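# Tertiary structure, described
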Amino acid sequence: MSKAQVNEIKISYKGGLKSSKWQKIGNSKDAAELLFEDWDKDTIALQETFKVVLLNNSNKVKGVYQLSQGGITGTLIDLRILFAVILKSLSVAIILTHNHPSGKLIPSEADKTLTDKIKKASKLFDITILDHLIFAPDGDYYSFSDNGIL
């Protein structure tokens, strides 16, 4: 009889940037500047993209992970993948962000519902959601935190 075999699971996080160089986020403007600079300007007006900023307990950016890229009016978010990334990177705080190719800077009901769902799941893992930013193609942004809906 053969012995049961299973796959070995390894989880790793590779950071090339020294932690002393990690950017600290103090407010929505800091986050918006960092994110807009990083955004692909060729697609920001065409496709909706959803990203998460991963932070340590000093609100320093460990990295930015693009979770999905969709169509003109939406993109799908799989919460299991989102939390796999957050937990694998041992992040304690996050900033959610996506763009509206239309330039409309008002969160949709779907945006609010998704944010609430992520917020509830985050509580379970003691992860803080600092903000959810929505970008227009020109760099203007809407902050859930600044508008008191987080």
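Quantities reported herein were computed from a predicted structural model and do not represent experimental measurements. (Residues numbered from 1 in each chain as written. Predicted model: local features only at pLDDT ≥ 70, side-chain atom pairs only at ≥ 80, totals over all residues. Heavy atoms only, no water.)

### Brief notes about the sheet that holds strand β2 (residues 61-69)
Spatially, 5 strands are ordered β2-β1-β3-β4-β5 in an open sheet, and the strand pairing comes out mixed. Here the strands that pair on one side only, and so sit at the sheet edges, are β2 and β5 (141-143). Strand-to-strand, the axes of this sheet are offset by a mean angle of 20°, without reference to chain direction. Relative to β5, strand β4 (residues 128-135) runs antiparallel, the two being bridged by 3 bridges. Among the inter-strand pairings, L133 is bridged to a residue of β5, identified as S143. The strands touched by helix α1 (residues 28-38) within the sheet are β1 (49-55), β2, β3 (93-99), β4 and β5, with β4 carrying the most contacts at an inclination of about 55°. In this fold helix α3 (residues 109-124) packs onto β1, β3 and β4, with an angle of close to 160° to the strand it touches most, β4. (Pairing = 2+ DSSP bridges. Helix = DSSP H or I, 4+ residues; strand = E, 2+ residues; numbered from the N terminus. Axes fitted to C-alpha atoms, helices over the stretch in contact; angles between N-to-C directions. Contact = heavy atoms within 4.5 Å.)

### Focus: the packing of aromatic side chains
Taken as a whole and assessed by the stated rule, the structure comprises 5 aromatic pairs. A ring pair is formed by W39 and F135, whose centres lie 5.4 Å apart and whose planes are at 50°; its orientation type is tilted. One end of the pair, W39, is in the loop between α1 and β1; the other, F135, is in strand β4, and 96 residues separate them in sequence. Among the residues examined, F135 registers a relative accessible area of 0% and is labelled buried. (Phe/Tyr/Trp six-rings, centres within 6.5 Å; stacked < 30°, edge-to-face > 60°. Buried < 20%, exposed > 50% of the residue type's maximum accessible area, 1.4 Å probe, protein only.)

### Looking at the packing of helix α2 (residues 79-88) against α3
Axis separation between α2 and α3 bottoms out at 12 Å; the angle between their running directions is 45°. Taken together, α2 and α3 sit at an angle that is classed as oblique. Handedness of the α2/α3 crossing: right-handed. Facing α2, whose interface residues are L79, L82 and F83, α3 presents L114, K117, I118, A121 and S122. (Parallel < 35°, antiparallel > 145°, perpendicular 65-115°, else oblique. Left-handed = near helix turned anticlockwise from the far one by under 90°.)

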